[in-house]
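What follows is each chain in one-letter form.
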Amino acid sequence: MICDLLLTNIKGLVQVRNADFTRASGKSMAELPVLTDAFLSIHQSKIISFGSMSSMPANLKSLQTIDCNGRFVFPSFVDSHTHLVFAASREEEFVMKINGATYQDIAAAGGGILNSARKLQTLAEDELLERSLPRAWEIIQSGTGAVEIKSGYGLTVKDEIKMLRVAKRIAQHTPLTVKTTFLGAHAVPANITKEAYIQTIIQEMIPAVAEEKLANYIDVFCEQGFFTPDETEKIVEAGKAFGMKPRLHANQLYNSGGVQVGVKTGALSVDHLENIGPEEIEALKKSAVMPTALPGAAFFLNLPFPLGRAMIEAGLPLAIASDYNPGSAPSGNMSLMMALACIKMKLTPEEAINAATINTADALELSATHGSITAGKQANIFITKPIPSYAFLPYAFGSQLVDKVILNGKVVSE
Ligand code: NIG
Ligand code: FE
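Residues numbered from 1 in each chain as written. Chains lettered and ligands numbered in written order. Predicted model: local features only at pLDDT ≥ 70, side-chain atom pairs only at ≥ 80, totals over all residues.

Participant: Describe the nonpolar core, with residues and values.
Facilitator: Counting 131 residues, the largest nonpolar core has Leu40, Val73, Ile320, Met338 and Ala341 as the members making the most contacts within it. Element by element, the count of residues in this core is highest for helix α12 (residues 334–345), at nine residues. Formed jointly, this core draws a minimum of three residues from each of two domains, domain 1 (2–76 + 372–413) and domain 2 (78–363). Aside from chain neighbours lying at most four places away, what touches Ala341 is Ala293, Pro295, Gly308, Ile320, Leu347, Ala352 and Ala355. (Core = buried A, V, L, I, M, F, W, Y, C linked by C-beta atoms within 7 Å. Buried ≥ 20, exposed ≤ 12 C-beta atoms within 10 Å, placed from the backbone. Helix = DSSP H or I, 4+ residues; strand = E, 2+ residues; numbered from the N terminus. Domains from an automatic or database assignment. Contact = placed C-beta atoms within 7 Å.)

Participant: Account for the domain arrangement of the protein, naming residues and giving values.
Facilitator: Taken as a whole, the protein is organised into domain 1 (2–76 + 372–413) and domain 2 (78–363). Between the C-alpha centres of domain 1 and domain 2 there is a distance of 29 Å. Taken together, the 32 residues of domain 1 in the interface contact 29 residues of domain 2. Elements that contribute at least two residues to the side of domain 1 that touches domain 2 include exactly β5 (71–75), α15 (392–395), β16 (402–407) and β17 (410–413). Considering each element in turn, the side of domain 1 that touches domain 2 owes the most residues, three residues, to β16. The residue makeup of the side of domain 1 that touches domain 2, split by class, is 19 nonpolar, 10 polar and three charged. (Nonpolar A, V, L, I, M, F, W, Y, C, P; charged D, E, K, R; others polar.)

Participant: Explain the site of ligand 1 residue by residue, including any values.
Facilitator: Taken together, Gly112, Ile113, Ser116, Phe221, His249, Gln252, Ala297, Asp323, Asn325, Pro326, Gly327 and Ser328 make up the full set of residues near ligand 1. A breakdown of the residues in the shell around ligand 1 according to their chemical character gives four nonpolar, seven polar and one charged. (Near = placed C-beta within 6 Å.)

Participant: Describe the packing of helix α4 (residues 125–141) against helix α5 (residues 157–173), naming the residues involved and giving the relevant values.
Facilitator: Where α4 contacts α5, the axes come no closer than 9 Å and their chain directions differ by 50°. As the angle between them shows, α4 and α5 are arranged oblique. Relative to α5, the crossing made by α4 is right-handed. Of the residues in α5, those in contact with Glu125, Leu128, Leu129, Ser132, Leu133 and Ala136 of α4 are Lys162, Arg165, Val166, Arg169, Ile170 and His173. In terms of residue class, the contact of α4 with α5 is made up of six nonpolar, two polar and four charged. (Axes fitted to C-alpha atoms, helices over the stretch in contact; angles between N-to-C directions. Parallel < 35°, antiparallel > 145°, perpendicular 65-115°, else oblique. Left-handed = near helix turned anticlockwise from the far one by under 90°.)

Participant: Any details on the UniProt feature "binding site: Fe(3+)" (unreviewed entry) in the protein? Residues and values, ideally.
Facilitator: UniProt marks His81, His83, His249 and Asp323 with the feature "binding site: Fe(3+)" (unreviewed entry), using the numbering shown here. Sequence-wise these annotated residues cover 243 residues; spatially they are packed, their C-alpha atoms never more than 12.1 Å apart. With respect to the helices and strands, the residue His83 is situated in the loop between β6 (77–79) and α1 (91–98). Excluding residues within four positions of it along the chain, His83 makes contact with Lys150, Gly152, Tyr324 and Asn325. Along the polypeptide, Asp323 turns up in the loop between β14 (319–320) and α12. Apart from residues lying up to four places away in sequence, Asp323 is in contact with His81, Thr82, Leu294, Gly296, Ala297, Ser328 and Ala329. (UniProt positions renumbered as here; feature names shortened; annotations may be inferred.)

Shown next as structure tokens:
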């Protein structure tokens, strides 16, 4: 038996699952199968076999072997919510926030999303790609192997198209698995009424995006001051008619009805959830929607953290993503997101790891190929530095503990 790559003496092989396990919810969020003193073999970009060192077949030969003594191996993180294609950072607004302005104050003054849109509109597609690629490599080095990338800083037909083309080109220029989401309904541009902009989204943007097959999904910022639940439903239904399934920005700043529209329209996920109550939890229990917390955004905007414990105790699944963007979450570091989920939302390390791997994979319809250590899945894994336990990853927040990254069976960062 010959394979391309063999990992030996793995201290702990984390998140070992059968192929039929696609999401953790309720009590199963606390279960994290880990194989100690293990090997893992990879061939032609897939995970082929794994088991304890004592059971490793004697005739298993490999072109390359990595001794993982003292190190853990994780499935790569799946980050199911980012806006990592953008033109420039927004530290000026960071300082305004420190001095007391809220996210809404900044948006009302023409800052926020409109600030990012003005900057992006002046850039050529190649320049936008060049500015975005370092962020893609940064998340690869911090352990992410698959990512969702949204538009929403274009806000014109041509600039939304430009953003989505760049998002798709990231998959050609890096080993990341990329899913794209059309978020034309992120904010209303200054020079147009909301009604007219919604017509542009429905009549021009959605057909143009579909024509070029630029987006897997459709998203709306369902929020007071942005898009109402009725407007969200209308836009989402228009996207669905072109094959784009919904995933929504819901209940970030206020309890704005986003969760209920997500449930009604059969969204894959409702993301943010800083402002939910028992009614939203009840609505989610009657659905297959993946509730997704973005703890980096709650931290950066000083918002209440989503009721992660209450959702898990109600039997729901929970996913964690980064929301990597210049306005509310300037970090795509999934280990840090897990730390915030543990510290601020009272998730256990096991729950946080499930939330950032198999559950985000499910939210991106990638659980057949990503999100766990399973024979036949894409060989997307990372090897940690020597650490005492897997819980050390969310515990030692701020440390860079990802050592080697293997994507599609190849070492891409070490
Ligand atoms: O997910 N809430 C809406 N969209 C982003 C922030 C966008 C921005 O401020 O640039 C978010 O937090
Ligand atoms: Fe977002």
